[in-house]
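# What the coordinates show
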Amino acid sequence: TAHRMKESPPDPALLAEQRVYAAERKAERTARGAAADDLLEEDFKYLPEATVRLGEAQTALSQFDKALETLKKVKEKYPKADAAASVEFAIGFAQFHQKDYDAALRTLLAALENPGKAPGETQAKGQFYVGESYFASGQLRESLKAYLRVTVIYAAFGEWVSASACTSQAAI
């Protein structure tokens, strides 16, 4: 007998992104773009989060300039969205990977100062990357402090605590 896999409900953010993509394609085919009005208001509530994920994916693919452009658009267009809190962290991560450690530090420290609704794990990762930025800048004492903050403040996030413990050894 054949076993059927249980279908999981579709991800609302992906559905919204698909609808936005379809509407954009329709708009491109029309002179005015009026076809984009076909999107339901509800579809847009996931757009900021989906766009942040796109920026994070671009960072993971080493497309840092594209990532910063995408993330800055989210920041400008949706400053009050729940996902806006995660945007600053994502921008800081992209800046770090571009080796712009001073900009990454400024962005991540500001994001940690006012994390809004950013998930705790995002904050833990942000604090870890503050340590990484200090370390890469040669500020070993500050990097140790940042890594210690991860282990104390974000103890529930083992991945970042472990990474901080391992990396802090190199700073000693």
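Before any of the text, the structure's been laid out above.
Residues numbered from 1 in each chain as written. Predicted model: local features only at pLDDT ≥ 70, side-chain atom pairs only at ≥ 80, totals over all residues. Heavy atoms only, no water.

## Looking at the overall build of the protein
How we decide: Labels follow the DSSP assignment, with helices taken as runs of H or I lasting at least four residues and strands as runs of E lasting at least two, numbered in each case from the N terminus. The cut-offs for exposure are 20% and 50% of the maximum accessible area for each residue type, with area from a 1.4 Å probe on protein chains only; residues under the lower value are buried, those over the upper are exposed, and the others partly exposed. Any two residues whose heavy atoms approach within 4.5 Å are treated as being in contact. Computed with the Shrake-Rupley method and a 1.4 Å probe, the accessible areas treat only the protein chains shown as cover for residues.
In terms of regular secondary structure, the protein is built from eight helices and zero strands. Its helices and strands in sequence order give the protein the pattern α-α-α-α-α-α-α-α, from N to C terminus. Across the 172 residues that make up the protein, the buried fraction comes to 39%. Partitioning the intrachain contacts of the protein with sequence separation of at least 6 by distance along the chain shows that 51% fall at a separation of at least 24. Of the roughly 10,900 Å² of accessible surface on the protein, a fraction of 53% belongs to carbon and sulfur atoms.

## What about the side chain of serine 86?
Take serine 86: it is sitting in helix α4 (residues 84–97). The exposure class assigned to serine 86 is buried, which follows from its relative accessible area of 9%. Leaving out residues up to four positions away in the same chain, serine 86 has contacts with Val52, Ala118 and Pro119.

## Examining helix α7 (residues 140–153)
Note the threshold: Take the residue count of a helix, subtract one, and multiply by 1.5 Å to get its expected span. To be clear, the arc concerns the directions from the helix axis to the C-beta atoms.
Here α7 is 14 residues long and its end C-alpha atoms lie 20 Å apart, about the 20 Å a rise of 1.5 Å per residue gives. If you check which residues of α7 are buried, you get Ser143, Ala146, Tyr147 and Val150. Taken down its axis, α7 places every buried residue within 95° of arc, on the same side. Residues of α7 that are exposed and point more than 90 degrees away from the buried face comprise Arg141, Leu148, Val152 and Ile153. Residues of α7 that are buried sit in contact with α6 (120–136) and α8 (158–171).

## Describing the packing of α4 against helix α5 (residues 101–113)
Packed helices, taken two at a time, are described by the angle their axes make and the gap between the axes. This is how the line gets drawn: A fitted line through C-alpha atoms serves as each axis, taken over the contacting stretch for helices, and the angle formed by two N-to-C directions is quoted from 0 to 180°. For this classification, under 35 degrees means roughly parallel, over 145 means roughly antiparallel, 65 to 115 means roughly perpendicular, and everything else is oblique. Crossing handedness is defined as follows: a turn of the near helix away from the far one that is anticlockwise and smaller than a right angle gives a left-handed crossing, while the clockwise case is right-handed. Throughout this entry, Asp, Glu, Lys and Arg are counted as charged residues, while Ala, Val, Leu, Ile, Met, Phe, Trp, Tyr, Cys and Pro are counted as nonpolar. The remaining residues, Gly among them, count as polar.
Put simply, α4 and α5 touch, their axes get as near as 8 Å, and they point 160° apart. By the angle between their axes, α4 is roughly antiparallel relative to α5. You can see that α4 and α5 cross each other, and the crossing is left-handed. On α5, the residues touching Glu88, Phe89, Ile91, Gly92, Phe93, Gln95 and Phe96 of α4 are Tyr101, Ala103, Ala104, Thr107, Leu108, Ala111 and Leu112. Among the residues forming the contact of α4 with α5, the class breakdown is ten nonpolar, three polar and one charged.

Without other data, these values stay purely geometric and don't point to any function.
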